[in-house]
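Survey of secondary and tertiary structure
One letter stands for each residue in the lines below.
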Amino acid sequence: MICAENAENIAITGHGIINGNGHLWRPVKEFKMTARQWKELLGKSPYVLESKEGGIWFPARNMFDTAITGEIYPGDYDTFEEALAAASPHYDFYRPVMVSLRHCRNVLIEDVTLQDSPAWNVHPYFCEHLTVRGVRIINPAYAQNGDGIDVESCRYVHIHHSEFQTGDDGICLKSGKDREARKLLKPCEDVYIHDCKVGMSHGGFVIGSEMSRGVRNVLVKDCTFIDSDVGIRFKSAMGRGGVVEDIYLENILMIGIKKESLTMTMNYVLNTVSGDHPVVQSTDPEDIPTFRNIELKNCICRDEDAYYVIQPMSGYPETIQGIRIIDCQLGVRK
């Protein structure tokens, strides 16, 4: 909806609101809503796909048909025109992000409120010198793929004094998906995040699951995560490859965490329609991701029922190494 490519010295500033009307685009899972909200949705559109988690509502017939056939992503094509032709019948299914910044340099997003995005709110990738400060990013709790900010393969990033309430991951670092991404050799690196608040999210601070080019040199400090499913979340899977390393989290307060205070897992691959987690088989060492040299210091979770999970890939204990937890209260699995 708002995009820039190969631009320099650009900004989105001011105290106004940018509203993406995401409710006209997003599917909604029944279990994320109240009975009254769900009934209101059915009055707007009758298209519901049954899944293991209950109904998934779609705002339009062609989105629903695409979900049923499973023809979500175009396959391998020789030209862009061929790929576009294959994707066009499923146009409405491909929800746009609200702010897309591609190959940009010297970018400022300041003071603005961004809300109700069709998919991710802010997606900078291959950008350098990005500053986000004093920003409010808001989506309803049931917003599917309504991430706050997904910083992908960027360098020199400063995010601070901002608030995120998204229903999905709040502050997320990524670096491309699977083998195709690894060809570009562009990690997400040199990121400083501080004095931010994240509420009602899947994860307060998240790395992955797209991390094939690597994520490194990250400092997150003095942040608060409230009413999130997971406080601090590292996720990847066989096939992604890449290395997440030199990550430091300090002075993190977590309150109202519904599940885990911290998760590091190597089995995250989600089918967006069925909810299944297919297992990828590979013998290529480059397909095996790694988390290493990660330090948590003075990270406190106030919830007695929360716990932490550090789970290397089955059969590959070296996929998670060098984890240091210092002066933290993260709970334990009961």
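Quantities reported herein were computed from a predicted structural model and do not represent experimental measurements.

Definitions and limits used
Residues numbered from 1 in each chain as written. Predicted model: local features only at pLDDT ≥ 70, side-chain atom pairs only at ≥ 80, totals over all residues. Heavy atoms only, no water. Salt bridge = Lys/Arg side-chain N within 4 Å of Asp/Glu carboxyl O. Helix = DSSP H or I, 4+ residues; strand = E, 2+ residues; numbered from the N terminus. Buried < 20%, exposed > 50% of the residue type's maximum accessible area, 1.4 Å probe, protein only. Pairing = 2+ DSSP bridges. Contact = heavy atoms within 4.5 Å. Axes fitted to C-alpha atoms, helices over the stretch in contact; angles between N-to-C directions. 1 Å grid on protein atoms, 1.4 Å probe; cavity = no way out; pocket = protein on both sides within 12 Å on 5 of 7 lines; lining within 4 Å. Points joined across faces, edges and corners; volume = space filled by probe spheres on them. Phe/Tyr/Trp six-rings, centres within 6.5 Å; stacked < 30°, edge-to-face > 60°. pLDDT = per-residue confidence, 0-100.

Here the focus is the pattern of salt bridges. Between side chains of opposite charge, a pair can form when the charged atoms approach closely. With the rule as written, the count across this model stands at 20 salt bridges. For R105, the salt bridge goes to E128, with nearest N and O atoms at 2.7 Å. A residue pair is termed long-range when its members are at least 10 positions apart, and R105 in strand β8 (residues 105-110) and E128 in strand β11 (residues 128-133) qualify at 23 residues. The exposure class of R105 is partly exposed, given its relative accessible area of 34%. Among the residues examined, E128 registers a relative accessible area of 18% and is labelled buried.

This brings us to the sheet that holds strand β5 (residues 47-51). Here we have three strands laid out as an open sheet, ordered β4-β6-β5, and antiparallel in their pairing. The open sheet is flanked by β4 (28-29) and β5, the only strands paired with a single partner. Sheet topology places β5 next to strand β6 (residues 54-58); five bridges connect them, and they run antiparallel. By the bridge assignment, E50 is partnered in β6 with G55. Contacts from helix α1 (residues 35-44) reach β4, β5 and β6 within the one sheet, and its direction differs from that of β6 by about 45°. In the packing of helix α2 (residues 61-69) onto the sheet, the strands contacted are β5 and β6, and the crossing angle to β5 comes to about 25°.

Looking now at the layout of surface pockets. By volume, the second largest pocket is sized at about 200 Å³. Lining the second largest pocket are 13 residues; nearest its centre among them are H23, L41, K44, W57 and Y142. Counting residues per element, the lining of the second largest pocket draws most heavily on α1, at four residues.

Okay, the pairing of strand β21 (residues 230-235) next. A large share of β21 lies buried, amounting to six of its six residues. The pairing of β21 with strand β23 (residues 260-265) spans five bridges and is classified as parallel. Following the sheet pairing, V230 is matched in β23 by E260.

Inspection of every chain in the model, using the stated rule, returns four aromatic pairs. Pairing Y47 with F64 gives two aromatic rings, centres 5.8 Å apart and planes at 35°, and the pair type is tilted. Note that Y47 is positioned in strand β5 and F64 in helix α2, a separation of 17 residues in sequence. The partly exposed category is assigned to Y47, whose relative accessible area is 24%. Both rings, one in F58 and one in F64, keep their centres 6.2 Å apart while their planes meet at 65°; by these two values the pair is edge-to-face. Accessibility expressed as a relative area gives 4% for F58, which makes it buried. F64 sits in the buried class, given a relative accessible area of 15%.

Turning to the confidence of the model for the chain, a few remarks are in order. Summing up the model confidence of the chain, the mean pLDDT is 90 and the portion of residues at 70 or higher is 93%. Under a pLDDT of 50 for its full length, residues 271-277 has, in the predicted model, 17 contacts with residues more than four places off or in other chains.

A word on the sheet that holds strand β16 (residues 171-174). The nine strands lie next to each other as β1-β7-β10-β13-β16-β19-β21-β23-β25, forming an open sheet whose pairing is parallel. Two strands lie at the open edges of the sheet, namely β1 (2-5) and β25 (307-311), each paired on one side alone. Pairwise comparison of adjacent strand axes, ignoring direction, gives a mean angle of 10° for this sheet. Across four bridges, strand β19 (residues 203-207) lies against β21 in parallel orientation. Note on β21: the bridge partner recorded for I207 is F234.

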